[in-house]
Amino acid sequence: ELPAELKVAYTGESGLMIADTQPVSLIILDINLPGMDGFETMSRLKQSRRAADVPVIGLSARDTEQDRDRASALGFYRYFTKPVNVPEFIDTVRAVL
């Protein structure tokens with residue numbers, strides 16, 4: 001297994017700053033963030049020179065068809081709803097890394 005470093009951001013804005021200034025291989029993005037939500041954060045990530053092609057896994061407590069469709073349209077690599085199927089989530093992370 002490859003070593004990984006976890007960087008944590010508590011807002012979309014701080015996550016964008018990390019993604020724009022540091023190398024990242026994968027972004028796990030909570031949809032229900034304070035302030036800028038995960039969908040808006042994803043839209044901005046797709047406009048970033050550095051992070052536009054980084055795979056993003058969405059994570060949300062809401063499981064609506066509208067949210068899944070929006071995630072798909074925005075280009076999330078995968079979209080998980082809570083409670084998360086942990087083995088499937090880990091397999092997805094491994095597939096990206």
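Keep in mind it's a predicted model, so treat the numbers as computed, not measured.

Quick word on the packing of helix α1 (residues 12–21) against helix α2 (residues 38–46)
Right, so step 1: The N-to-C vectors of α1 and α2 enclose an angle of 20°; their axes lie 10 Å apart at closest approach. By the criterion of interaxial angle, the relationship of α1 to α2 is roughly parallel. Crossing of α1 over α2 shows right-handed handedness. For the pair α1 and α2, contact is made by Gly12, Leu16 and Ala19 and by Thr41, Arg44 and Leu45, respectively.

So, the sheet that holds strand β1 (residues 27–30)
Right, so step 1: Sheet architecture is open: 3 strands sit in the order β1-β2-β3, paired in parallel fashion. Where the open sheet ends on each side, the last strands, each with one partner, are β1 and β3 (78–81). Neighbouring strand axes in the sheet, compared pairwise and without regard to direction, differ in orientation by 25° on average.
Right, so step 2: Two strands pair when backbone bridges link them, and β1 and strand β2 (residues 56–60) are joined in this way by 4 bridges, in the parallel orientation. Among the inter-strand pairings, aspartate 30 is bridged to a residue of β2, identified as leucine 59.
Right, so step 3: Here helix α4 (residues 86–96) sits on the sheet and contacts β1, β2 and β3; the angle it forms with β3, its principal contact strand, is near 155°.

What to know about the packing of α2 against helix α3 (residues 65–74)
Between two packed helices, both the angle of their axes relative to each other and the distance between the axes serve to describe the pair.
Right, so step 1: Between α2 and α3, the shortest axis-to-axis distance is 10 Å and the interhelical angle comes to 10°. With respect to α3, the axis of α2 lies roughly parallel. Residue-level inspection shows Phe39, Met42, Ser43 and Lys46 of α2 in contact with α3, the latter providing Asp67, Arg70, Ala71 and Leu74.
Right, so step 2: Of the residues belonging to the contact of α2 with α3, the class tally is 4 nonpolar, 1 polar and 3 charged.

Brief notes about α4
Turn by turn, an α-helix covers 3.6 residues, leaving residues three or four places apart pointing in a common direction.
Right, so step 1: Those residues of α4 not exposed but buried are Phe89, Thr92 and Val93. When α4 is viewed along its axis, its buried side chains cluster within an angular range of 95° and face the same direction. Residues Pro87, Arg94 and Ala95 are exposed on α4 and point more than 90 degrees away from its buried face.
Right, so step 2: Structurally, α4 contributes buried residues whose contacts are with β1, β2 and β3.
Right, so step 3: A distance of 3.0 Å separates the backbone nitrogen of glutamate 88 from a side-chain oxygen at the start of α4, and that oxygen is part of asparagine 85.

Parameters at a glance
- Residues numbered from 1 in each chain as written.
- Predicted model: local features only at pLDDT ≥ 70, side-chain atom pairs only at ≥ 80, totals over all residues.
- Heavy atoms only, no water.
- Axes fitted to C-alpha atoms, helices over the stretch in contact; angles between N-to-C directions.
- Helix = DSSP H or I, 4+ residues; strand = E, 2+ residues; numbered from the N terminus.
- Parallel < 35°, antiparallel > 145°, perpendicular 65-115°, else oblique.
- Left-handed = near helix turned anticlockwise from the far one by under 90°.
- Contact = heavy atoms within 4.5 Å.
- Pairing = 2+ DSSP bridges.
- Nonpolar A, V, L, I, M, F, W, Y, C, P; charged D, E, K, R; others polar.
- Buried < 20%, exposed > 50% of the residue type's maximum accessible area, 1.4 Å probe, protein only.
- Arc of directions from axis to C-beta.
- Polar contact = N/O pair within 3.5 Å; in protein donor to acceptor, adjacent residues only side chain to side chain.

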